[in-house]
Amino acid sequence: MDLARSFVRPGARLAAVLLASFAAACSGADPVAPGQSPPDGTQQPPPDTGPPPEPEPPAGAAIDVQRYAVTGEFDWSRGRLVATVAMTLLPGDDGLRSLRLDSAVAEVKAVRLAGGADLPYAVDAEPGALSIDVSRVPGIAADQAITLEIDYEAAEGEALRAIPARWGDPAASRVVYTISEPLNAALWLPCHNTPEDRAVFSIDLAMDAHETMIANGALVSDEQGASGRRMKYATDYTVPTYLMAFAIGDFEVEGTMKGSLPVSVWHRRGVPGDYGRLLDEVVRSIGVFEELLVPYPFEKYAVVLVPEFGGGIENLGISFQGELGSTAPTMSEDLKLTIHEIGHQWFGDLVTVESWDDLWIKEGMATLLASEGARVYLDESGEGTLNGDSFSAGSHNPIVDPDRAPADKYTSGPYGRAAWLLTQIRSLVGEEAFWGTLRDVLDDHRFGAIGTDEFLDAFAGPLGPDAAARARRAVRASALPHLDLGRSPSGGVLVTLRDPDGALVAPIDLLWIADDGTTRSQVLEVDQGVDVAPQREGELLILDPLDRHVSWHHLVDFSLQPDDLPARLSSFRLPTSPSQVARLLEAGGVHQTAVLGAGLPEPVTPDAFAAFLDGLDAEDAKAMAVWVACIRAADPALDPALRAAWSSALAPLLAGPPYARWTEFTPWLEYGACGEVVDVLALYADEWSALAAGPPAGDLSDAHLRFLYNFDLPLETVLSSWGNVARQSSSLRARSLATTRIRTEADRAPPEDFPAFRAFFSEIVASTEVPDLLSEALTGLSRTMAPTAAENAEALAALSQQLRTASTTPFDGWVVCVAFTLTQGDAAAWSEFVSGLDGVELSPEAVEMLEDLARC
């Protein structure tokens, strides 16, 4: 699972995180959108909206569920899944009198033995438990299967997401879908909610005639009747409860085949995207993993794009991904998310984890596989580097942390740090042993589960006893290794490696390459200072030549180092002669990207830049090269003739169409500096005109829009081009991007420009209930408010209209607080605003704020 941002539509409930946003909005501080990722981009846990805690080992811990068969329908008028689950299970020795299941559904209405009488049961809402008295079931035995039928209703919420047709959404259609990891399955399905208890799964649901359903397994029936449509899917293999899933909506399906395997993309009707390219990348990635691992194990693979969900979740055979982050596979973020979820089909789905403490096995492998699947774009050189630089690692986020609750385990530990550990193991045992061991794990535990000790034991032979012991210690290490930098007598940098918790498994190497191609190596030993300095003129430093470790920026606390030492160490990596530039171009894409992060090598001149760019082996490196070239060219101290030369060199590279691959792969780099070197108004005149004209001419690709986002424009152009995208684009993702672009422009605008921005944000507030748009617009109104209520009248009218709409949003309380702030202490204006809501059915959150403005 990869969760970046996720909105919940609770109807009459507001996630606690929004209350902080309300308070920030009313105090004038920066409101934070719910679920917003932190600046370091680390993986965040799903929002805490009350899923059941991980169950204590119950009396019926030996329960073995063999089959779940769900039948029912989703009642949109009540926001309820009304269903019956037939559950076939072995009671186990401890379940002969009472069976304890995990259930946090809204209501259990009846429990019975299939074909028999009702059974007594009790619901304990606090731990989310359903206890069933089976003491009178005739002939009950630990190893004899029984089938229970449970009638129940599950309410929409965090696990069962019901998104209605939303005004302000260019693809205004409803969809309901499930998100169950880690423990939310019990919110929509009474179950034995532990990952290692896999069971066969089927689901048979009714829906409107124009809607369709996708779920795990094969489609076994599809019937149209006078009252609508009914579809059923079923697996003939076992599935963990957290991966059981369905989605119902008015979907369009784009499909292709990989041999005999159907591959498809499901999206709400009218949601645009580069689906042909997305299908190509899915097919390519599955092929890469089949070569490395074992054949793809299921009957289909589908990417299902859903609204109000950020990131992705690897439901078996049907990964659900947020539609605002998955429609542009030429962008690295979209691509890696898609490949990450594909990788889970082997690790997580075919073989799952025994407990949530073993989360790192599936998430670390999926993170590693995401970079491996994207290798063709990350390192075209094929130099054999191991993608360590692509992983993030946070200190005090251990790979295995038994003290955290399951939903709190989703830190960088089981993701980037776990992928780093696996990459170190890979570097020590070699490619054949690494992938061969993983194939053995998949074969030995097929449709089963594996835990941490057994997984590490699988590598014990290839690793040897010492390295295997280090690996076992590393999974529980909290502190990251770090590098202390000091001055050395040679004029170099004295580097001392510290590893207080034993997080390292493989050594950290340094490689020096001389002008004549000869090399020498250094190894950083724990607690031993190493003098890092060139010994010959022209030597170039390559840090971690195998790229088996995370970037050195994760290992150096720059606040504790003398200011010049990190820069001096970086200078050894930056080519200072044409021969060193040639050596860099031979080093592989990851090292090129890392070096260019420190600046453009001095020997690269404007006339040689195009050839230098062409020689780089990674799309990231090419993007970085253009970025740092623009920074150099924008230097006000640069000779005007040289600046003109750089402008001439860069303009053709930045122009299009067709656009260079790197602009789409890494479009979020700060290309804004390029706007000081080339005339972006002239260079992209056709684009600005198209955006101002609106669709269809203005419907540029999401990736290219993200690239254009970087450039500063005059206020009139910002509002005419990006404003029309926000109002009219057929892509909700484009509307969201455009609204964010205008809001960021408003953040730095002078007060005299506030009225124009305020009018735009008022228009958005009055015309949408889509969370991504509404949150930006509310933030923008808070930024650009006028000093009097009279000047804020248009904004107040828009806020009132938002509250008077038939449906409620998670932002209604925030809307009240923004309105109160915009009245600027004018009691009469506030009274007029409140009286305008007479007779309006407000959400409980809005009522609470109106009754107690101190909460703002």
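Please refer to the structure placed before this passage.
Residues numbered from 1 in each chain as written. Predicted model: local features only at pLDDT ≥ 70, side-chain atom pairs only at ≥ 80, totals over all residues. Heavy atoms only, no water.

(A) Examining the pattern of salt bridges more closely. Evaluated as defined, the whole model comprises 50 salt bridges. In this structure, Arg80 engages Glu153 in a salt bridge whose closest nitrogen and oxygen atoms are separated by 2.9 Å. One end of the pair, Arg80, is in strand β2 (residues 80-90); the other, Glu153, is in strand β7 (residues 146-155), with 73 residues separating them in the sequence. For Glu153, a relative accessible area of 6% corresponds to the buried category. Measuring nitrogen to oxygen at the nearest pair gives 2.8 Å for the salt bridge that ties Glu149 to Arg112. Of this pair, Glu149 sits in strand β7 while Arg112 sits in strand β4 (residues 107-113); the two residues are 37 residues apart in sequence, bridging distant segments of the chain. Within the structure, one salt-bridge network assembled from shared partners comprises Asp75, Arg78, Arg80, Lys109 and Glu153. (Salt bridge = Lys/Arg side-chain N within 4 Å of Asp/Glu carboxyl O. Helix = DSSP H or I, 4+ residues; strand = E, 2+ residues; numbered from the N terminus. Buried < 20%, exposed > 50% of the residue type's maximum accessible area, 1.4 Å probe, protein only.)

(B) Spotlight on the packing of aromatic side chains. All told, the structure shown has 33 aromatic pairs when counted by the stated rule. Taking 5.4 Å as the distance between ring centres and 85 degrees as the angle between the ring planes, the aromatic pair formed by Phe707 and Phe711 counts as edge-to-face. Chaining the aromatic ring pairs together yields one cluster made of Tyr237, Phe289, Tyr296, Phe298, Tyr301, Trp346 and Phe447. The ring centre of Tyr709 lies 4.5 Å from the NZ or CZ of Arg706, which sits over that ring. If you follow Arg741 out to its NZ or CZ, it ends over the ring of Tyr709, 5.7 Å from the centre. (Phe/Tyr/Trp six-rings, centres within 6.5 Å; stacked < 30°, edge-to-face > 60°. Lys NZ or Arg CZ within 6 Å of the ring centre and 35° of its normal.)

(C) Molecular detail of the state of the cysteines. Per the stated rule, a full pass over the model turns up two disulfides. A sulfur-sulfur distance of 2.0 Å marks the disulfide that ties Cys630 to Cys674. Every disulfide takes its handedness from the sign of the S-S torsion; for Cys630 and Cys674 that torsion is 95 degrees, giving right-handed. With Cys630 in helix α16 (residues 619-633) and Cys674 in the loop between α18 (661-665) and α19 (680-683), this pair connects stretches of sequence that are 44 residues apart. Note on Cys674: relative accessible area 0%, which makes it buried. In this model Cys817 forms its disulfide with Cys856; the gap between the sulfur atoms is 2.0 Å. (Disulfide = S-S within 2.5 Å.)

(D) Spotlight on helix α14 (residues 589-596). Taken across its eight residues, α14 has seven buried, putting it largely inside the fold. Within α14 the residues assigned to the buried category are Gly589, Val590, His591, Gln592, Thr593, Val595 and Leu596. Buried residues along α14 sit in contact with α6 (375-378), β27 (540-543), α13 (578-585), α15 (606-615) and α16. (Contact = heavy atoms within 4.5 Å.)

(E) Representation of a negative patch on the surface. Together, Glu196, Glu354, Asp440, Asp443, Asp444, Asp453 and Glu454 line one region of the surface with negative charge. Mapped onto the negative patch, the elements with two or more residues apiece are α8 (431-444) and α9 (452-458). Counting residues per element, the negative patch draws most heavily on α8, which supplies three residues. Relative to the helices and strands, Glu354 is located in the loop between β20 (351-353) and α5 (359-373). (Patch = residues over 30% accessible without salt bridge, like charges linked within 9 Å, V, L, I, M, F, W, Y side chains within 5 Å. Areas by Shrake-Rupley, 256 points an atom, 1.4 Å probe, with all protein chains shown as cover. Lys, Arg positive; Asp, Glu negative; His and termini not counted. Charge placed at Lys NZ, Arg CZ, Asp CG, Glu CD.)

(F) Unusual backbone geometry, seen in detail. A cis geometry characterises the amide bond from Glu181 onward to Pro182, with omega recorded as 0 degrees. Among the secondary structure elements, Pro182 is positioned in the loop between β9 (175-178) and α2 (185-188). One non-glycine residue, Gln824, adopts positive backbone phi at about 55 degrees. Looking at the element boundaries, Gln824 is found in the loop between α27 (812-822) and α28 (827-835). What makes Gln824 partly exposed here is its relative accessible area of 36%.

(G) Summary view of the sheet that holds strand β1 (residues 64-75). The mixed open sheet is built from seven strands, whose spatial order is β4-β7-β2-β1-β10-β13-β12. Bordering the open sheet on either side are β4 and β12 (218-225), each of which pairs with just one other strand. Neighbour-to-neighbour, the strand axes of the sheet open up by a mean angle of 15 degrees, direction not taken into account. (Pairing = 2+ DSSP bridges. Axes fitted to C-alpha atoms, helices over the stretch in contact; angles between N-to-C directions.)

(H) Here's a closer look at helix α24 (residues 754-765). Here α24 contains twelve residues, and its C-alpha end-to-end distance of 16 Å stays within 8% of the 16 Å for a straight helix at 1.5 Å per residue. Looking at the buried side of α24, the elements it contacts are α22 (715-728), α23 (732-747), α25 (771-783) and α26 (793-804). (Expected span 1.5 Å × (residues − 1).)

(I) Spotlight on the nonpolar core. Core analysis: the biggest nonpolar cluster contains 161 residues, and Trp188, Trp346 and Trp360 have the highest contact counts within it. Ranked by residue count, the leading element in this core is helix α7 (residues 413-429), at eight residues. In this view, Trp188 contacts Leu81, Val105, Tyr152, Ala154, Ala159, Leu160, Thr178, Ser180, Phe201, Ile203, Met244 and Phe246; residues no more than four positions away in its chain are not counted. Within the second largest apolar cluster, 87 residues are counted, among which are Ala618, Tyr684, Leu737 and Leu778. (Core = buried A, V, L, I, M, F, W, Y, C linked by side-chain atoms within 4.5 Å.)

(J) Structural view of the side chain of Thr212. Mapped onto the fold, Thr212 is located in strand β11 (residues 212-215). Owing to a relative accessible area of 10%, Thr212 belongs among the buried residues under this scheme.

(K) How the structure looks around the side chain of Asp349. Relative to the elements of secondary structure, Asp349 occurs in the loop between α4 (332-343) and β20. Despite its burial, Asp349 remains without a salt bridge, the nearest opposite charge being carried by Lys362 at 6.7 Å. A distance of 3.1 Å separates the side chain of Asp349 from the side chain of Gln345, its partner in a polar contact. Once you skip the residues sitting within four places of it in the chain, Asp349 turns out to touch Arg198, Leu243, Phe298, Glu314, Asn315, Leu316, Gly317 and His344. (Polar contact = N/O pair within 3.5 Å; in protein donor to acceptor, adjacent residues only side chain to side chain.)

(L) Representation of the sheet that holds strand β26 (residues 529-532). The strand order across the open sheet built from three strands is β22-β23-β26, with neighbouring strands paired in antiparallel fashion. With one partner strand each, in any of the chains shown, β22 (482-487) and β26 form the two edges of the open sheet. Each strand of the sheet is rotated relative to its neighbour by a mean of 30 degrees, with strand direction disregarded. Sheet topology places strand β23 (residues 493-498) next to β26; four bridges connect them, and they run antiparallel. Paired with Val495 across the strands is Val530, a residue of β26. Each of β22, β23 and β26 is contacted by helix α12 (residues 564-571), which is oriented at about 95 degrees to β22, the strand it contacts most.

(M) View of the packing of α24 against α26. Taken N-terminus to C-terminus, the directions of α24 and α26 make an angle of 15 degrees; their axes are 8 Å apart at the nearest point. Comparing their axes, α26 and α24 come out roughly parallel. Both α24 and α26 take part in a crossing whose hand is left-handed. Residue-level inspection shows Arg758, Ala759, Ser762 and Val765 of α24 in contact with α26, the latter providing Glu794, Ala795, Ala798, Leu799 and Gln802. Counted by class, the contact of α24 with α26 contains five nonpolar, two polar and two charged residues. (Parallel < 35°, antiparallel > 145°, perpendicular 65-115°, else oblique. Left-handed = near helix turned anticlockwise from the far one by under 90°. Nonpolar A, V, L, I, M, F, W, Y, C, P; charged D, E, K, R; others polar.)

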